[in-house]
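A closer look at the structure
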Amino acid sequence: MYDIIVIGAGPAGLTAAIYARRASKKVLVLEAKTYGGQIVNTLDIENYPVERHISGFDFATKLYNQAKDLGAEIVFEKVIDIKNNDEFKEVITNKQTYKAKTIILATGADNRKLGIDNEDKLLGKGISYCATCDGAFYKNKIVAVVGGGNTALEEALYLSDIASTVYLIHRRDEFRGSDRTVKDLKKKNNIEFIYNSNVTKLNANETLESIEVTNKVGQTNNLEIDGLFIAVGRIPENQNFAKIIELDEHGYVKAGEDCHTNIPGIFVAGDNRIKSLRQLVTATSDGAVAATEAVKYIRESEK
Ligand code: NAP
């Protein structure tokens, strides 16, 4: 029986493992793919305290080694279900069933893709899913944001203070995001709105050079840009927990800053919970909080 099983070896999960091991708990981390989560796709991290520049891969590898060196077991198996029994919890993978006193759900969220050719290949080479992470690389350059929700609106506003021109491309003629942010956007003189249109093609050599934008009646326009920020929603990876864990209408785990879910002894950390800022620093922060809460839960239940 493990004290804590962490599901997901991204920044939140690995940080949880570090905190749990430093509290001398028996820890298993289960990961379906490779360690590091989404951060491994980031070429250069500039906004994590202390490290001025570090690649996402190096950051993830350091974190992975730190958790391993402290004695966390890290196993690459896909979790397909979790169960809450009176005395213990069960985590069922594609290979076996593990028992634990507590579970930390740290599975993250994946960016929804546009699904057009070269989208994956150009990630970090003109394509980004995060203006807060990558906006600074586009100082005085021309960028476009695609999407009509609050994320797209806020990314456009953020980028308008950095880039020379921001095209905001939305597939309808009204935004899903807040009217107030739309008003703020309209006050800016370097934002151009393109409604009723989709990005249909990415043109690149080594890096993105231009995009094809197609409107509702099928007319196309080629826009020369340096960067495209795709903000068409995210997909939290909570599908396998939905039977017992309360999720909001977008699929995020209902939990506040204490990382408690609706089930005592099951905690959540990182991008798969409801939160206002999804960043590396908030993910690692959640990992620390969730592990500390799990340790407290074990202590209380053993009294
Ligand atoms: P979202 O609200 O789901 O919006 C996604 C947007 O992308 C929609 O406008 C949608 O168009 C568009 N879209 C989806 N698939 C597309 C595709 N294949 N091609 C082109 N456009 C596509 O996602 P979000 O903006 O990431 O926000 C997620 C949640 O977080 C929301 O509840 C949001 O309010 C919240 N949030 C809140 C704040 C804040 O309160 N400050 C900040 C950020 C996010 P349609 O409109 O046509 O469906």
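A word on the pairing of strand E1 (residues 2-7)
- Most of E1 is tucked away: six of the six residues are buried.
- Pairing geometry for E1 and strand E2 (residues 27-30), over four bridges, is parallel. Paired with Val6 across the strands is Val29, a residue of E2.
- The handedness of the E1 to E2 crossover, carried by helix H1 (residues 11-22), is right-handed.

Quick notes on the site of the ligand
- The environment of the ligand is formed by 15 residues, the closest being Asn150, Thr151, Glu154, Arg172 and Arg176.
- Here a nitrogen atom of the ligand and a side-chain polar atom of Glu154 are 2.7 Å apart.
- A total of 900 Å² of accessible area belongs to the ligand in isolation, and the protein chains cover 71% of it.
- Of the residues that constitute the shell around the ligand, the class distribution is three nonpolar, eight polar and four charged.

Quick look at the pairing of strand E4 (residues 79-84)
- Of the pairings in the sheet, the one linking E4 to strand E5 (residues 89-93) comprises five bridges and is antiparallel in character. Bridging across to E5, Asn84 finds its partner in Lys89.
- Linking two consecutive strands that pair antiparallel, namely E4 and E5, is a turn of four residues.

Structural notes on the domain arrangement of the protein
- Split into domains, the protein comes out as domain 1 (2-110 + 234-301) and domain 2 (113-230).
- On a C-alpha basis, the centres of domain 1 and domain 2 stand 31 Å from each other.
- Between domain 1 and domain 2, the residue contacts involve seven residues of the former and eight residues of the latter.
- Taken over both partners, the interface formed by domain 1 and domain 2 buries close to 570 Å², and the fraction arising from carbon and sulfur atoms is 57%.
- Remark: the boundary between domain 1 and domain 2 carries zero salt bridges.
- Connecting domain 1 to domain 2 are zero residue pairs in polar contact (both at pLDDT 80 or more).
- Residue composition of the side of domain 1 that touches domain 2, grouped by class: one nonpolar, four polar and two charged.

Digging into the state of the cysteines
- Enumeration according to the criterion identifies one disulfide in this entry.
- Between the sulfur atoms of Cys130 and its disulfide mate Cys133 the distance is 2.1 Å. Residues Cys130 and Cys133 are joined by a disulfide whose S-S torsion is about 75°; by sign, that bridge is right-handed.
- The thiol sulfur of Cys259 is not disulfide-bonded, and the nearest other cysteine sulfur, from Cys133, lies at 20 Å.

Calculation criteria
- Residues numbered from 1 in each chain as written.
- Predicted model: local features only at pLDDT ≥ 70, side-chain atom pairs only at ≥ 80, totals over all residues.
- Heavy atoms only, no water.
- Buried < 20%, exposed > 50% of the residue type's maximum accessible area, 1.4 Å probe, protein only.
- Helix = DSSP H or I, 4+ residues; strand = E, 2+ residues; numbered from the N terminus.
- Pairing = 2+ DSSP bridges.
- Right-handed = clockwise from strand over helix to strand, strands pointing away.
- Near = heavy atom within 4 Å.
- Polar contact = N/O pair within 3.5 Å; in protein donor to acceptor, adjacent residues only side chain to side chain.
- Areas by Shrake-Rupley, 256 points an atom, 1.4 Å probe, with all protein chains shown as cover.
- Nonpolar A, V, L, I, M, F, W, Y, C, P; charged D, E, K, R; others polar.
- Domains from an automatic or database assignment.
- Contact = heavy atoms within 4.5 Å.
- Buried area = accessible area lost by both parts, 1.4 Å probe.
- Salt bridge = Lys/Arg side-chain N within 4 Å of Asp/Glu carboxyl O.
- Disulfide = S-S within 2.5 Å.

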